[in-house]
Amino acid sequence: MATAYQNLSAYDFNSVPDASKMRVGIVVAEWNKEITEKLLEGACNTLERHGAQPENIIISRVPGSFELVYGAKKMAEKKDLHAIIVLGCVIRGDTPHFDYVCSGVTQGVTQLNLMYNIPFIFGLLTNDTMQQSIDRAGGIHGNKGDEAAVTAIKMVHTFR
Ligand code: DLZ
């Protein structure tokens, strides 16, 4: 999890299975793009580091985090994938909007996991400040995109 006590990119390389035969979808939100593109870079690099072929990483962009669920659903229906990662960054503002978006994505991804026969991985940063997001998108706490990719590989390997 994205806590100050765990680096999101720290893991034992050898504990992660081979991903060379895996096809993974990534849906990424354009809102807070400077953060989400770093999450995407981390996820792609980690998948490839474990053997995934670049042509087997299917990327789709949606306007904001709230659209991640629909994007992931369409991807699951159209593409032949072993797992789908959603990547977004929601930063708390002055209104309750943050809570609605976070809740919508969390519940939506949970529903997708129950509806489809592939794992959907939750790569959403839900931070109070931009600095917290920077810290978790390749900063001092690592990259949540790396963590999401490792989770996808492990889930596919365990349940394939
Ligand atoms: C509207 C909005 C706001 C205020 N904040 C964020 C955010 O911090 N992160 C994010 O990914 N998206 C945000 N959005 C956009 C919503 O996710 C969504 O795109 C719009 O409400 C349209 O459905």
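Heads up: the structure comes first, above all this text.
Residues numbered from 1 in each chain as written. Predicted model: local features only at pLDDT ≥ 70, side-chain atom pairs only at ≥ 80, totals over all residues. Heavy atoms only, no water.

**Q** Got a minute to help me understand the pattern of salt bridges in this structure?
**A** Opposite charge on two side chains permits pairing when their charged atoms draw close. In the structure shown here, the tally under the stated rule is six salt bridges. In this structure, the salt-bridge partner of Arg-61 is Glu-37, at a minimum N-O distance of 3.0 Å. Linking Arg-61 in strand E2 (residues 57–62) with Glu-37 in helix H1 (residues 33–49), this pair joins segments that are 24 residues apart in sequence. Judged by its relative accessible area of 24%, Glu-37 falls in the partly exposed class. The partner of Arg-92 in a salt bridge is Asp-128, and the shortest N-O contact between them spans 2.9 Å. On the criterion of sequence distance, the pair formed by Arg-92 in the loop between strand E3 (83–91) and helix H3 (97–115) and Asp-128 in the loop between strand E4 (120–127) and helix H4 (130–135) is long-range, its members being 36 residues apart. Arg-92 sits in the partly exposed class, given a relative accessible area of 40%. Overlapping salt bridges bring together Lys-73, Lys-74 and Glu-77 as one network. (Salt bridge = Lys/Arg side-chain N within 4 Å of Asp/Glu carboxyl O. Helix = DSSP H or I, 4+ residues; strand = E, 2+ residues; numbered from the N terminus. Buried < 20%, exposed > 50% of the residue type's maximum accessible area, 1.4 Å probe, protein only.)

**Q** Sorry, what's going on with the packing of H1 against helix H5 (residues 144–159) here?
**A** Pairs of packed helices are described in terms of their axes, by the angle between the two and the distance that separates them. For the pair H1 and H5, the least separation of the axes is 7 Å and the interaxial angle reads 40 degrees. It follows from the interaxial angle that H1 and H5 lie oblique. By crossing handedness, the relation of H1 to H5 is classed as right-handed. Contact residues: Leu-39, Gly-42, Ala-43, Thr-46 and Leu-47 in H1; Lys-144, Gly-145, Asp-146, Ala-149, Val-150 and Ile-153 in H5. (Axes fitted to C-alpha atoms, helices over the stretch in contact; angles between N-to-C directions. Parallel < 35°, antiparallel > 145°, perpendicular 65-115°, else oblique. Left-handed = near helix turned anticlockwise from the far one by under 90°. Contact = heavy atoms within 4.5 Å.)

**Q** Help me understand the state of the cysteines in this model?
**A** The term disulfide refers to a covalent linkage connecting the sulfur atoms of a pair of cysteines. Under the criterion given, the structure shown has zero disulfides. Free cysteine: Cys-44, not disulfide-bonded; nearest cysteine sulfur from Cys-89 at 17 Å. Lacking any disulfide linkage, Cys-102 is separated from the closest cysteine sulfur, that of Cys-89, by 9.6 Å. (Disulfide = S-S within 2.5 Å.)

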